[in-house]
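The lines below spell out each chain.
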Amino acid sequence: QVQLVESGGGLVQTGGSLRLSCAASGSFLSIYSMGWFRQTPGKEREFVASLIGSGPSTYYADNVMGRFNITRDIAKNTVFVQIDNLTPEDTAVYYCAADRDVSSQAILSRLRIGASDAYDYWGQGTQVTVSS
């Protein structure tokens, strides 16, 4: 079982920045992919960004490209997402997710398009609120 703990959310003004963190139990050696999603009440969970494989490869949703940057610290078993130029549309609960391994090309394809059902483990979420 992989345990994930998000932190770094809070209240920020439009145009500001936040850095969200996701700490994973154990080593990154046991995790194939880590991703960030967000969800607003009444809406479906939305893919934001991910790291996949040993490179790792990076993936971003089209609507966050250029403002969101996903990175990792291997020594601390932690993945980050830096969010710049925040707008009220970014207000949401942000979730970290992890996939332990990939058993098929079909699962890998789901990871690459940011499908939430490709991930096995989820954190509790951290609230980001952007004021005007």
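Residues numbered from 1 in each chain as written. Predicted model: local features only at pLDDT ≥ 70, side-chain atom pairs only at ≥ 80, totals over all residues. Heavy atoms only, no water.

> Honestly, the overall build of the protein chain in this entry has me stumped. Any pointers?
Helices and strands together make up the secondary structure of the protein chain, namely 1 helix and 11 strands. Secondary structure of the protein chain in N-to-C order comes out as β-β-β-β-β-β-β-β-β-α-β-β. Its C-alpha atoms give the protein chain a radius of gyration of 14 Å, within 12% of the compact-globule value 14 Å for 132 residues. For the protein chain, the C-alpha atoms occupy an extent of roughly 45 × 30 × 25 Å along the three principal directions. Within the protein chain, buried positions represent 45% of all 132 residues. Expressed as a percentage of contacts within the protein chain between residues at least 6 apart in sequence, the contacts between residues at least 24 apart total 60%. On the protein chain, roughly 6800 Å² of surface is accessible, and the fraction owed to carbon and sulfur atoms is 47%. Once the 10 positive and 12 negative side-chain charges of the protein chain are each reduced to a mean point, those two points are 4 Å apart. (Helix = DSSP H or I, 4+ residues; strand = E, 2+ residues; numbered from the N terminus. Rg over C-alpha atoms; globule rule 2.2 N^0.38 Å. Buried < 20%, exposed > 50% of the residue type's maximum accessible area, 1.4 Å probe, protein only. Contact = heavy atoms within 4.5 Å. Areas by Shrake-Rupley, 256 points an atom, 1.4 Å probe, with all protein chains shown as cover. Lys, Arg positive; Asp, Glu negative; His and termini not counted. Charge placed at Lys NZ, Arg CZ, Asp CG, Glu CD.)

> Is there a simple way to explain the pattern of salt bridges in this structure?
Side-chain pairs of opposite charge can arise where the charged atoms are in close proximity. The tally for this structure, following the rule as stated, stands at 4 salt bridges. A salt bridge links Asp90 to Arg67, with the nearest nitrogen and oxygen atoms 2.8 Å apart. In this pair, Asp90 is assigned in the loop between strand S8 (78-83) and strand S9 (92-99) and Arg67 in the loop between strand S6 (57-60) and strand S7 (68-73), connecting sequence segments 23 residues apart. Here Asp90 matches Arg67 in class, with each residue buried. Of the charged contacts in the structure, one is a salt bridge between Asp117 and Arg110, with a shortest N-O distance of 2.9 Å. For Asp117, a relative accessible area of 56% translates into the label exposed. With a relative accessible area of 35%, Arg110 lands in the partly exposed category. Bridged by salt links that share partners, the residues Arg38, Glu46, Arg67 and Asp90 form one connected network. (Salt bridge = Lys/Arg side-chain N within 4 Å of Asp/Glu carboxyl O.)

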